[in-house]
Amino acid sequence: MSLATGLLSRAWVRWAITAVVVVVLFVLPLQLDEYTNQNLARIGVFAVAVLGLNVVMGYTGQVSLGQIFFVGAGAYVTGYGASHDWNIVLVFVASVLVPGVIGLLVALAAARLGGLAIAMVTIALPIVGVPFAKRLSDFTGGSQGMSSAFSNAPGWTGLYNDQWQLYIVLVVGGAVFLLIRNLVRGKYGRAFAIVKDNEAVAASMGISPYRYKVLAFTVASLIGGASGFLYMAVIQFTSPETMSFGHSITLLASMVIGGAASILGSLLGGAYYVLVPQWSNDIDPNLTELLQGALLLLTLLLLPGGLATLPRVLARTLRRTRTPDPSERRQTPSAPPAPGRASVEETPTVGGIPAQSPTERQEQA
Amino acid sequence: MGQFIQLVVDGLSNGSIYAVLALAIVLVNQATGMINFAQGGMAVLSAYVTWRLVEAGLPLIVAILLAVLASFIVGGLLERFLMRRFERGDPDTAVVVTIGLLTLITGVCGWLWTYNNQQFPSLFPLHTVRIFGAAVSVRSIGTFLAIVAIMLVVQALFLGTKLGLALRAVAINPESAAFSGLPVGRLLMAGWGLAAALGAVAGALVAPQLTLTPGMMDTALVYALAAVILGGLSSPVGVVCAAWLIGVLENLAAVYVHFIGYDLKVAVPFILIFVVLIVRPQGLFGRKVVVRV
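Residues numbered from 1 in each chain as written. Chains lettered and ligands numbered in written order. Predicted model: local features only at pLDDT ≥ 70, side-chain atom pairs only at ≥ 80, totals over all residues. Heavy atoms only, no water.

S.K.: Teacher, can you tell me more about the packing of aromatic side chains here?
M.R.: The description of an aromatic ring pair uses the distance of the two centres, along with the angle that the planes make with each other. All names here are of chain B. Applying the stated criterion to the full structure yields 16 aromatic pairs over all chains. Seen in terms of ring centroids, Tyr18 and Tyr223 are 4.4 Å apart; in terms of plane orientation they differ by 15°. Their pairing is stacked. Placement of Tyr18 in helix 1 (residues 2-32) and of Tyr223 in helix 9 (residues 218-231) is noted, with a sequence separation of 205 residues between them. Plain terms: the ring middles of Tyr48 and Trp51 are 6.0 Å apart, the flat faces sit at 80° to each other, and that makes the pair edge-to-face. Of this pair, Tyr48 and Trp51 both sit in helix 2 (residues 39-55), three residues apart, roughly one helical turn. (Phe/Tyr/Trp six-rings, centres within 6.5 Å; stacked < 30°, edge-to-face > 60°. Helix = DSSP H or I, 4+ residues; strand = E, 2+ residues; numbered from the N terminus.)

S.K.: Any chance you could explain helix 14 (residues 263-283) of chain A here in plain terms?
M.R.: Working note: α-helix, 3.6 residues per turn, so residues spaced by three or four point in the same direction. Residue and element names in this part refer to chain A. Between the first and last C-alpha of helix 14 there are 31 Å, a value that for 21 residues agrees with the 30 Å anticipated at 1.5 Å per step. Along helix 14, the largest kink reaches about 30° and is centred on Tyr272. Along helix 14, the residues that are buried comprise Gly265, Ser266, Gly269, Gly270, Tyr272, Tyr273, Val274, Val276 and Ser280. Among the structural elements, helix 3 (34-59), helix 4 (67-83), helix 9 (161-185), helix 13 (245-258) and helix 15 (288-302) are those in contact with the buried residues of helix 14. One side-chain oxygen at the N-terminal end of helix 14 lies 3.3 Å from the backbone nitrogen of Leu264; it belongs to Ser262. (Expected span 1.5 Å × (residues − 1). Bend = angle between axes of the 7 residues up to and from the residue. Buried < 20%, exposed > 50% of the residue type's maximum accessible area, 1.4 Å probe, protein only. Contact = heavy atoms within 4.5 Å. Polar contact = N/O pair within 3.5 Å; in protein donor to acceptor, adjacent residues only side chain to side chain.)

S.K.: How should I be thinking about the UniProt feature "transmembrane region" (unreviewed entry) in chain A in this particular structure?
M.R.: Residue and element names in this part refer to chain A. The UniProt record annotates "transmembrane region" (unreviewed entry) at residues 12-28, 40-59, 89-110, 116-133, 166-184, 214-237, 249-274 and 294-314. Within the segment residues 12-28, helix and strand shares are 100% and 0% respectively, and the terminal C-alpha atoms sit 24 Å apart. Helix makes up 85% of residues 249-274 and strand 0%, whereas the separation of the span's terminal C-alpha atoms amounts to 14 Å. (UniProt positions renumbered as here; feature names shortened; annotations may be inferred.)

S.K.: I'm lost on the confidence of the model for chain A in this one. Help?
M.R.: For residues with low pLDDT, the predicted coordinates do not support detailed interpretation. Here chain A shows a mean pLDDT of 84. Residues at 70 or above account for 85%. For the stretch residues 327-365 of chain A, pLDDT sits under 50, and the model shows 44 contacts to residues farther than four places along the chain or on other chains. (pLDDT = per-residue confidence, 0-100.)

S.K.: I keep staring at the packing of helix 1 of chain B against helix 10 (residues 236-256) of chain B and nothing clicks. Help me out?
M.R.: Two quantities define a packed helix pair, namely the angle between the axes and the distance from one axis to the other. Residues and elements named next belong to chain B. Interhelical geometry of helix 1 versus helix 10 gives an angle of 140° and a closest axis separation of 7 Å. Relative to helix 10, helix 1 is oriented oblique. For the pair helix 1 and helix 10, the crossing hand works out as right-handed. A breakdown of the residues in the contact of helix 1 with helix 10 according to their chemical character gives 18 nonpolar, seven polar and two charged. (Axes fitted to C-alpha atoms, helices over the stretch in contact; angles between N-to-C directions. Parallel < 35°, antiparallel > 145°, perpendicular 65-115°, else oblique. Left-handed = near helix turned anticlockwise from the far one by under 90°. Nonpolar A, V, L, I, M, F, W, Y, C, P; charged D, E, K, R; others polar.)

S.K.: What's the story with the interface of chain A and chain B in this structure? I'm lost.
M.R.: Interface size, as often reported, equals the accessible area lost upon joining of the parts. Taken together, the contacts link 43 residues of chain A with 49 residues of chain B. Summed over both partners, the interface of chain A with chain B comes to about 3,900 Å²; 79% of that surface belongs to carbon and sulfur atoms. The largest contributions to the chain A side of the interface with chain B come from Leu116(A), Met120(A) and Arg135(A), which together make up 17% of the buried area. Counting the contacts that link chain A with chain B gives one residue pair in polar contact (both at pLDDT 80 or more). Residue assignment for the side of chain A that touches chain B shows that the elements contributing at least two residues are helix 5 (88-110), helix 6 (117-122), helix 7 (124-135), helix 13 and helix 15 of chain A. Here the side of chain A that touches chain B takes nine residues from helix 15 of chain A, the largest share from any one element. Partitioned by chemical class, the residues of the side of chain A that touches chain B number 33 nonpolar, six polar and four charged. (Buried area = accessible area lost by both parts, 1.4 Å probe.)

S.K.: Sorry, what's going on with the packing of helix 9 of chain A against helix 12 (residues 209-235) of chain A here?
M.R.: All names here are of chain A. The interhelical angle for the contact between helix 9 and helix 12, taken along N-to-C directions, is 170°, at an axis separation of 9 Å. Overall, the two elements helix 9 and helix 12 adopt an arrangement that is roughly antiparallel. Here helix 9 contributes Gln165, Ile168, Val169, Val172, Gly173, Val176, Ile180 and Leu183 to the contact with helix 12, which in turn contributes Val219, Ile223, Ala226, Phe229, Leu230, Ala233 and Val234. The class makeup of the residues in the contact of helix 9 with helix 12 is 13 nonpolar, two polar and no charged.

S.K.: Would you mind showing me how to read the UniProt feature "transmembrane region" (unreviewed entry) in chain B here?
M.R.: All names here are of chain B. UniProt annotation of "transmembrane region" (unreviewed entry) refers to residues 12-28, 60-82, 94-114, 145-167, 187-208, 220-247 and 259-279 when read in the numbering used here. Between the end C-alpha atoms of residues 12-28 there is a gap of 24 Å, over a span that is 100% helix and 0% strand. When the span residues 94-114 is considered, its composition is 95% helix and 0% strand, and the gap between its end C-alpha atoms is 29 Å.

S.K.: When you look at the pattern of salt bridges in this model, what are you seeing that I'm missing?
M.R.: Side chains that differ in charge, positive against negative, can pair when their charged atoms come close. For the structure on display, the rule yields two salt bridges over all chains. Note that Lys213(A) and Glu199(A) form a salt bridge whose closest N and O atoms lie 3.1 Å from each other. Within this pair, whereas Lys213(A) is found in helix 12, its partner Glu199(A) is found in helix 11 (residues 199-204), the two being separated by 14 residues in sequence. The exposure class assigned to Glu199(A) is partly exposed, which follows from its relative accessible area of 31%. Between Glu79(B) and Arg84(B) there is a salt bridge whose closest N-O contact spans 2.7 Å. Assessed through its relative accessible area of 26%, Arg84(B) is described here as partly exposed. (Salt bridge = Lys/Arg side-chain N within 4 Å of Asp/Glu carboxyl O.)

S.K.: Before we go on, may I ask you to explain the pairing of strand 1 (residues 128-131) of chain B in this structure?
M.R.: Regular strands show a simple pattern: their side chains alternate between the two faces of the sheet. Residues and elements named next belong to chain B. Bridge analysis of strand 1 against strand 2 (residues 134-137) gives four bridges, and the strand direction is antiparallel. If you follow Ile131 over to strand 2, its bridge partner there is Ala134. Between the end of strand 1 and the start of strand 2, which pair antiparallel, lie two residues, with Phe132 showing a positive phi angle near 50°. (Pairing = 2+ DSSP bridges.)

Written out as structure tokens, the structure is:
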């Protein structure tokens, strides 16, 4: 363990690992079969969508039920642009910016409401979005949906379509993940965290909760648009059903089960979104929703930090069962930590519920 | 003119159903500070129970009353064994829990009774009567009157009984209520139970119109939430008025505003919300909440 962390702290080791990962990601699509490639590409698409939801909900603590709407909007803009032979760069920029502007407008109004009301307003986005997409049939193809084959592999590459599409997802999705990782680890990430934690404290530090909520929501909708672009690139078809209320709930469940406020959790969330419904549909399609609700509630009860925190929780449980250190036991009742301490320590939370109980925290202190 | 009256009456009838659901949401919010997104799902479950009882041969009105009673118990149990673990924590997590509950209940309904539409008998006769030259359905009038009566009963319960007084005390300040000897836990269960019972009534009244499916109340929930925002969380009267306003306005907009039509009328409450949010962020009737830090 210490050897591993010691190695990881050296810059050249980290660069080498990054290089290996990049090379593996570059070679992998050439080796895998079509079905796996397609599944991986889909996971990438929804990992980006979950990442967007994580920015507004996991990192900033504002429950959004509308993320899928921005994915759908991005997909429609992509489809429209591609079918009118726009330049592909222009298509991408439009598919990100149009949802972003809609998100900004919604956020400007919704963030005026305190806390939960954002959830109550954003639930309208998928519910209004579906009939709206049907209505604008000149742009969207109505209930029939629209398809677009702009992402077929060009002849000079000699690649199959699934390989080419997976490369698109890896490049665009990788770039989005890198950008967001930097965003949430920097100044803005700290501002988001304090807005999530305590708006009054944020305001007293000169961080406007309103402005950062709007920012987080807008960033989330921009990422949603990027995810929509990838959706169109991989699935090559979209219909109003893409942004239905049910999908919105599944996206939220994916984020919580994968892990809130976690980059790794977003990837796991994408995998959940794609794989679990596939498996449960194989068993019994009528069971899918029941299973999802049960999994979501179980995660909230047993593993509030989501799957991303599972290794940490397991390690802690193992450590405790292996070494029942008597000195630790003795401290617990007599020496509670200083009052300010526990709140300063960074504890993994899902929307504020500590991922570890107070007694565990005391043992560590 | 005839069409106008008809639209207004139908709108009031739809609005009443949103109003009951919205009242249930306000009830839970006042008691526990959370928004229960599963309120609609719980209403659907109650409607399925009613439907099963009718299929088993009971008269409709008895089935509805039994389902209301069952909902009261289930609501209380849900509060005790699921929601209480999240009540003291972060409200955003509690919201996610209720969304999980919504998915779970919808899933249970779909698994037990499939996702196909089921016919649900109507409590009121389906013929129409003529008022001022308008053909108004008896069902709309009956729904409206039934719900006004229920609201009066709820109001009387809250203002005129010891139980109501205790519930209000717990809502305002749980700690002080506990110090003065009130069984806070049991009262919270009662609050959730009452909300679920209200939802059961809404479910039974709306099911004949929409036919029974697991997702039947999703749209009604959205309308109810819109009414809650418009009316302000702290004002039951405001919420009911907002729900009626939404019901009437969306019906009128569907017919008289060409672009909106029947398929986009769900957008009406949200256009209203955006206007209200910009002009009056605390809701039409709500008080501005000032939090002490």
